[in-house]
Amino acid sequence: MKFSHLEGIESFALVGATGLVGQELLDLLCEHKIKFSKIKLLASQNSVGERVDFAGEDLIIEELSANSFDGVEVAFFCVPNEVTEKFVPIAISKGCLVIDDSSVFRQKSDVALIVPEVNGEILKDFSGKIISIPNCTTTPLVMALKPLAEQYGIERVVVSTYQSVSGAGRKAFEELSNQTTAMLSGKEAESSAFPHRIAFNCLPEIGQITESGNTSEEEKVVNETRKILDLPDLKISSTAVRVPTFIGHGLSVNVELQRDFSSIEEVRELWESFPGIKVIDNAAHHIYPTNVECSGSDFTFIGRARRDGSVNFGLNFWVITDNLRKGAALNALQCLDTLNKYRRMS
Ligand SMILES: NC(=O)c1ccc[n+]([C@@H]2O[C@H](COP(=O)([O-])OP(=O)(O)OC[C@H]3O[C@@H](n4cnc5c(N)ncnc54)[C@H](OP(=O)(O)O)[C@@H]3O)[C@@H](O)[C@H]2O)c1
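Remember, it's a predicted structure, so these values are computed and weren't measured experimentally.

A short note on the overall build of the chain
- Broken down by element type, the chain carries 9 helices and 15 strands.
- Projected onto its principal axes, the C-alpha coordinates of the chain cover approximately 60 × 60 × 40 Å.
- Split into buried and exposed, the 346 residues of the chain put 42% on the buried side.
- Sequence-distant contacts, at least 24 apart, represent 66% of the contacts inside the chain between residues at least 6 apart.

What follows is the structure, encoded as structure tokens:
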């Protein structure tokens, strides 16, 4: 992954700099040697004064406040929804462009919900103030579906997710670690981030249960996929499961296409030619992508592709990506890079 259009941004604020997504974003900036003249790292009162090493520079965490956005050009928000709701309007009133990782604005009609490889062209004519990035399972799903939708058309999608604990933030990450250590030492495992023990367990509940009986996470995947693919009537059903892994969200996907494919090899080639996708698929030799391959990688990996003979033009496959990278921080940075590319072209 290369970022070629981030130079010239003078002032940048990272809201939620101590969280898992915020830290990943800082890692990416260091990795790609991206520098801004002025960078503000913001978090809650609890973190004020903490020092962060940023490319050899000692930066100090400041408390997020109404004055945090004075003179700031771009603000990345990686904080819980309620904090986003309160502070994004303030940032906008100070003239900031906001790139937001939360779910607060994703479905608003004047907000761009972007995965650059899939619908980045929307940013050509973008004059809004907020770019939202999707849920960390929607992103790999739309990456895998986009080339299929263009080539064959999509009739229906059924997706089940296997989501790591980092998707629920730092406390959840630490809870799996602490519970695993406790249980292997013969001690009681305490739960607070999840409703049940997550160590050596899987929980078929992510987010809040809604009136429909789905969870909010499942509804996000459905609604966001429709918006990003611009298929408002797409038939799509989702089940979200939290699993005891640290990094990487996997998805088992079943798709009914509108037109047939001639071979699985043809589908693999289609994915391979799509930017950001890597196919690892030779199941007979135990070759497929897992959490191990995807952790720390920018790619969306696909494997286990096979025909589903139970329906017309059916396809089953497995997708997995690093939820903190392509599922969050990397996608957010790509959005800014893509927007700047178009703005400089016009
Ligand atoms: N994790 C993922 O895979 C993922 C993927 C896509 C989107 N997202 C979204 O990204 C956002 C951040 O997720 P995360 O996983 O990084 O969470 P996290 O690890 O729990 O970090 C939360 C961050 O928010 C800050 N924060 C909390 N309350 C605050 C307040 N009142 N004022 C200022 N800052 C406050 C925390 O600061 P302190 O350390 O000072 O408390 C911390 O920096 C969430 O909206 C999440 O839904 C996450």
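Quick word on the site of the ligand
- Taken together, 28 residues are adjacent to the ligand, and G19, V21, S44, S47 and G169 come closest.
- Residues of the shell around the ligand, tallied by class, amount to 12 nonpolar, 14 polar and 2 charged.

Examining helix α6 (residues 216-229)
- Here α6 contains 14 residues, and its C-alpha end-to-end distance of 20 Å stays within 8% of the 20 Å for a straight helix at 1.5 Å per residue.
- Burial analysis of α6 places 10 of its 14 residues in the buried class, which makes it a mostly covered element.
- Those residues of α6 that fall on the buried side of the exposure criterion are E217, E218, K220, V221, N223, E224, T225, K227, I228 and L229.
- Elements that come into contact with the buried residues of α6 comprise β8 (112-113), α3 (116-119), α4 (138-152), β10 (154-163) and β11 (235-242).
- A positive backbone phi angle near 55 degrees is found at D230, which sits one or two residues after α6.

Looking at the sheet that holds strand β12 (residues 249-257)
- Taking strand neighbours across the sheet as the criterion, the 6 strands line up as β11-β10-β12-β15-β14-β13 in an open arrangement whose pairing is mixed. The sheet is open, and its two borders are formed by β11 and β13 (277-279), each paired with just one other strand. Across the sheet, the mean angle from the axis of one strand to that of its neighbour is 25 degrees, orientation sign disregarded.
- The pairing of β10 with β12 spans 9 bridges and is classified as antiparallel.

Quick word on the packing of helix α1 (residues 20-31) against helix α9 (residues 325-345)
- Contact pair α1 / α9: the axes reach a minimum separation of 9 Å and the direction vectors enclose 55 degrees. Of the possible angle classes, the one that applies to α1 and α9 is oblique. Of the two possible hands of crossing, α1 and α9 adopt the one that is right-handed. Residues V21, E24, L25 and L28 of α1 lie in contact with α9, whose contacting residues are R325, A328, A329, L330, A332 and L333.
- Split into classes, the residues belonging to the contact of α1 with α9 amount to 8 nonpolar, no polar and 2 charged.

Overview of the nonpolar core
- V15, L25, A75, I302 and V319 are the most contacted members of the largest nonpolar core, which has 83 residues in total.
- Ranked by residues supplied to this core, first place goes to α9 with 8 residues.
- Formed jointly, this core draws a minimum of three residues from each of two domains, domain 1 (11-134 + 327-345) and domain 2 (138-164 + 202-323).
- For L25, the residues in contact, after removing those within four places along its chain, are L14, F76, C78, A329, A332 and L333.
- Counting residues in hydrophobic clusters, the runner-up holds 6 residues, among them A168, A172, L176 and I198.

A word on helix α2 (residues 81-93)
- A rise of 1.5 Å per residue sets the reference length of α2, with its 13 residues, at 18 Å; its end C-alpha atoms lie 19 Å apart and thus fit the reference within 8%.
- At F87, α2 shows its maximal bend, which comes to roughly 30 degrees, and the proline P89 appears one to four places after that position.
- Burial in α2 covers these residues: T84, F87, V88 and A91.
- Lining the buried residues of α2 we find β1 (11-15), β6 (74-77), β7 (97-100) and β9 (130-132).

Some words on the domain arrangement of the chain
- With domains assigned, the chain is organised as domain 1 (11-134 + 327-345) and domain 2 (138-164 + 202-323).
- For domain 1 versus domain 2, the distance between C-alpha centres works out to 27 Å.
- The partner domain 2 presents 18 residues to the 13 residues of domain 1 that form the contact.
- Of all elements in the fold, only α3 and α9 reach the threshold of two or more residues within the side of domain 1 that touches domain 2.
- Considering every element that reaches the side of domain 1 that touches domain 2, the biggest residue donor is α9, with 4 residues.
- Residue composition of the side of domain 1 that touches domain 2, grouped by class: 6 nonpolar, 5 polar and 2 charged.

Overview of the sheet that holds strand β2 (residues 38-43)
- Overall, parallel pairing links the 7 strands, which are arranged β5-β2-β1-β6-β7-β9-β8 in an open sheet. One side of each edge strand has no neighbouring strand; the edge strands of this open sheet are β5 (62-63) and β8.
- Packing against the sheet, α2 makes contact with β1, β6, β7 and β9, and its axis sits at approximately 155 degrees to β7.

Some points on the pairing of β2
- Across 5 bridges, β1 lies against β2 in parallel orientation. Bridging from a neighbouring strand, L14 pairs with L41 of β2.
- For the handedness criterion, the β-α-β arrangement of β1, α1 and β2 is classed as right-handed.
- Bridge analysis of β2 against β5 gives 2 bridges, and the strand direction is parallel. Across the sheet, L42 pairs through a bridge with E62, a residue of β5.

Rules used in this analysis
Residues numbered from 1 in each chain as written. Predicted model: local features only at pLDDT ≥ 70, side-chain atom pairs only at ≥ 80, totals over all residues. Helix = DSSP H or I, 4+ residues; strand = E, 2+ residues; numbered from the N terminus. Buried ≥ 20, exposed ≤ 12 C-beta atoms within 10 Å, placed from the backbone. Contact = placed C-beta atoms within 7 Å. Near = placed C-beta within 6 Å. Nonpolar A, V, L, I, M, F, W, Y, C, P; charged D, E, K, R; others polar. Expected span 1.5 Å × (residues − 1). Pairing = 2+ DSSP bridges. Axes fitted to C-alpha atoms, helices over the stretch in contact; angles between N-to-C directions. Parallel < 35°, antiparallel > 145°, perpendicular 65-115°, else oblique. Left-handed = near helix turned anticlockwise from the far one by under 90°. Core = buried A, V, L, I, M, F, W, Y, C linked by C-beta atoms within 7 Å. Domains from an automatic or database assignment. Bend = angle between axes of the 7 residues up to and from the residue. Right-handed = clockwise from strand over helix to strand, strands pointing away.

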